[in-house]
Amino acid sequence: MLLNFTYDQLPGRVVFGPGKLDQLGAEVQRLGAERALVLCTPEQVGQAEAAAAQLGQRCAGLFPGAVMHVPVEVARAARDEARRLGADCAVAIGGGSTIGLGKAIALESGLPIIAVPTTYAGSEMTPIYGLTEAGIKKTGRDARVLPRVVIYDPLLTLSLPGRIGGPSGINAIAHCVEALYAQDANPIISLLAEDGIRALAGSLPQVMRQPDDVAARSQALYGAWLAGASLGAVGMALHHKLCHTLGGSFNLPHAETHTILLPHATAYNYAAAPEAMVRVARALGCQHAAQGLFDLAASIGAPLALKDIGMPETGLDRAADLAVQNPYYNPCPVTREGVRLLLDNAYHGRRPA
Ligand code: NAD
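Residues numbered from 1 in each chain as written. Predicted model: local features only at pLDDT ≥ 70, side-chain atom pairs only at ≥ 80, totals over all residues. Heavy atoms only, no water.

S.K.: Whenever I open this one, the side chain of serine 168 confuses me. Can you help?
M.R.: With respect to the secondary-structure elements, serine 168 resides in helix α5 (residues 162-180). Beyond its immediate stretch of four places on either side in the chain, serine 168 contacts Thr119, Tyr120, Ala121 and Ala255. (Helix = DSSP H or I, 4+ residues; strand = E, 2+ residues; numbered from the N terminus. Contact = heavy atoms within 4.5 Å.)

Shown next, in the form of structure tokens:
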């Protein structure tokens, strides 16, 4: 194979292992910071307080107001609080919503972010931010929002319930699948992406069976790291665009939408990206990439049909219209007819043929 690629490697420090939250104070100190603002959702105040206890004198305060999709009002309130407290860094402990709030602060102030992810969404490894104003989510890329340090502590994921953790893991696999057929794919990211699928697919069923299995939790979080690194390094395609459209226009839950659409987007691109499909199937240990992804989601009890997560059947036409409005890269040309059929299959939860 003739190699031909450009690869921008992102900076960042990763600290990984059970109990590594204990290192938070030392990491803040290492950044030369003295007043950390700790961010979390209202549901994760307990974990944020544990982080604050770790920080001791270096904790300036807690902002427990993170919510899904980073509304601008919440971002503004968090920035005001950081300013009021004289914070010189922010610690975001939680899933993509909390890390997204950290990014919103960094975007304006340049404050360094330490991310402590507790789901598998992968935002901690990307320079991508999102902000929602008047119901419209805008995303962008900016080097300032990339966390300086990421602490992956699998013990913090023990409390992640299966109904959130399963779809979150498949959301991570979606980053890997699309990285393998990205327009700007490169051999290093493809290694990470394939191994990310292997680690997640190999551990998620055990995580669901035995949620306190720290080794399985570690494997899943390791896969999430690889998936986040893949998402941060190369461009995504049809699958991510469709999820963004459905999430934004029909207010569908993020990880579940990814979980349902992924087998169908994979089937859509199956013939156009044969090398990627071989790698996905190899990592899943199955014959057919799209069917393997469907079977994995089914095996962990994740939702399989858009009709089960609040998508109205009457919205499928509008979703197909929106999805083809702005042209973008995809291995297989994006047609309205093709997308409409994909959405119909996803709506009913059919196993890809
Ligand atoms: P989330 O952050 O919204 O978390 C979902 C719920 O799970 C929250 O209530 C949270 O408090 C709870 N939770 C998280 N970890 C927990 C744990 N260990 N124990 C108990 N409860 C826990 O969900 P998410 O799927 O991680 O993130 C989704 C958001 O992230 C979306 O807005 C998406 O657009 C964004 N995202 C951004 C990027 C990026 O690169 N910018 C990447 C992926 C996702």
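What follows continues from the structure just given.
S.K.: I would appreciate a short explanation of the site of the ligand in the present structure.
M.R.: Near the ligand, the surroundings consist of 23 residues, among which Thr41, Ser97, Thr118, Thr119 and Thr126 are the closest. Between the ligand and the protein, one listed contact pairs an oxygen atom with a backbone N or O atom of glycine 96 at 2.8 Å. Out of a free accessible area of 870 Å², the ligand has 85% covered by protein chains. Tallied by class, residues from the shell around the ligand come to seven nonpolar, 13 polar and three charged. (Near = heavy atom within 4 Å. Polar contact = N/O pair within 3.5 Å; in protein donor to acceptor, adjacent residues only side chain to side chain. Areas by Shrake-Rupley, 256 points an atom, 1.4 Å probe, with all protein chains shown as cover. Nonpolar A, V, L, I, M, F, W, Y, C, P; charged D, E, K, R; others polar.)

S.K.: Would you explain the sheet that holds strand β3 (residues 59-63) in this entry?
M.R.: Each strand in a sheet pairs with its neighbour through backbone hydrogen bonds, running either in the same direction (parallel) or in the opposite one (antiparallel). Pairing is parallel across the open sheet formed by six strands, whose spatial order is β1-β8-β5-β4-β2-β3. Taken across any chain shown, the strands that pair with only one partner, and hence form the sheet edges, are β1 (13-16) and β3. Taking each pair of neighbouring strands and ignoring which way they run, the sheet shows an average axis angle of 20 degrees. Contacts from helix α3 (residues 72-85) reach β2 (36-39) and β3 within the one sheet, and its direction differs from that of β3 by about 160 degrees. On top of the sheet, helix α4 (residues 96-109) reaches β2, β3, β4 (89-94) and β5 (113-117); it is set at about 165 degrees to β4, its chief contact. (Pairing = 2+ DSSP bridges. Axes fitted to C-alpha atoms, helices over the stretch in contact; angles between N-to-C directions.)

S.K.: Help me out: how do you make sense of the pattern of salt bridges in this one?
M.R.: If charged atoms from side chains of opposite charge come close, those side chains can pair. The tally for this structure, following the rule as stated, stands at 16 salt bridges. Across the salt bridge formed by aspartate 80 and arginine 83, the nearest N and O atoms sit 3.2 Å from each other. One end of the pair is aspartate 80 and the other is arginine 83, both in helix α3 and three residues apart, which spans about a single turn. Relative accessible area serves as the criterion here: at 56%, arginine 83 is assigned to the exposed category. Each of Asp317, Asp321, Arg336, Arg340, Asp344 and Arg350 takes part in one network of salt bridges that share partners. (Salt bridge = Lys/Arg side-chain N within 4 Å of Asp/Glu carboxyl O. Buried < 20%, exposed > 50% of the residue type's maximum accessible area, 1.4 Å probe, protein only.)

S.K.: Where do I start with helix α8 (residues 238-250) in this structure?
M.R.: Residues spaced three or four apart along an α-helix face the same direction, because each turn holds 3.6 residues. With 13 residues, α8 should reach 18 Å at 1.5 Å per residue; the first-to-last C-alpha distance of 17 Å fits that figure. Buried residues of α8: Leu238, His239, His240, Leu242, Cys243, Thr245, Leu246, Gly247 and Phe250, and no others. For α8, the elements touching its buried residues are α5, α7 (214-233), α9 (254-268), α12 (316-323) and α13 (336-348). Following α8 by one or two positions, asparagine 251 adopts a phi angle in the positive range, close to 55 degrees. (Expected span 1.5 Å × (residues − 1).)

S.K.: Explain the packing of α9 against helix α11 (residues 289-299) here, please?
M.R.: The description of two helices packed together rests on the angle between their axes and the distance between the axes. Look at α9 against α11: their axes get within 8 Å of each other, and the N-to-C directions meet at 165 degrees. By the angle class used here, α9 and α11 are roughly antiparallel. Where α9 crosses over α11, the two elements pack in a sense that is left-handed. Here α9 contributes Thr259, Leu262, Pro263, Thr266 and Ala267 to the contact with α11, which in turn contributes Ala289, Ala290, Leu293, Phe294 and Ala297. For the contact of α9 with α11, a count of residues per class yields eight nonpolar, two polar and no charged. (Parallel < 35°, antiparallel > 145°, perpendicular 65-115°, else oblique. Left-handed = near helix turned anticlockwise from the far one by under 90°.)

S.K.: Would you explain α3 in this entry?
M.R.: The end-to-end C-alpha distance of α3, which contains 14 residues, comes to 20 Å, matching closely the 20 Å that a straight helix rising 1.5 Å per residue would cover. Inspection of α3 places Val72, Val74, Ala75, Ala78, Arg79, Glu81, Ala82 and Leu85 among the buried residues, and these make up the whole buried set. Each element contacted by the buried residues of α3 is listed here: β2, β3, α4 and β6 (128-133). Looking one or two residues beyond α3, the residue adopting positive phi is glycine 86, at roughly 65 degrees.

S.K.: Any chance you could explain the environment of lysine 103 here in plain terms?
M.R.: Inspection of the secondary structure assignment puts lysine 103 in helix α4. Taking the C-alpha atoms as reference, lysine 103 lies 23 Å from leucine 246; in sequence the two are 143 residues apart. Each residue touching lysine 103, except ones within four places of it in the same chain, is listed here: Ser123, Thr126, Ile128, Tyr129, Val145 and Pro147.

S.K.: Help me understand the packing of aromatic side chains, please; the structure alone is not making it clear to me.
M.R.: Geometry of an aromatic ring pair is reported as the spacing of the ring centres plus the angle between the planes. Tallied over the entire structure, the rule returns three aromatic pairs. Aromatic pair phenylalanine 16 and tyrosine 152: ring centres 5.6 Å apart, planes at 35 degrees, arrangement tilted. Pair noted here: phenylalanine 16 is in strand β1 and tyrosine 152 is in strand β8 (residues 149-152), with a separation of 136 residues, a long-range link. Between tyrosine 152 and tryptophan 225 the ring centres are 6.5 Å apart and the planes differ by 50 degrees, which places this aromatic pair in the tilted class. Placement of the pair is tyrosine 152 in strand β8 and tryptophan 225 in helix α7, with a sequence separation of 73 residues. Grouped by ring-pair contacts, the aromatic residues Phe16, Tyr152, Tyr222 and Trp225 constitute a single cluster. The ring of tyrosine 328 has lysine 241 sitting right over it, with the charged end atom 5.5 Å from the ring centre. (Phe/Tyr/Trp six-rings, centres within 6.5 Å; stacked < 30°, edge-to-face > 60°. Lys NZ or Arg CZ within 6 Å of the ring centre and 35° of its normal.)

All quantities given are derived from atomic positions and should not be read as evidence of function.
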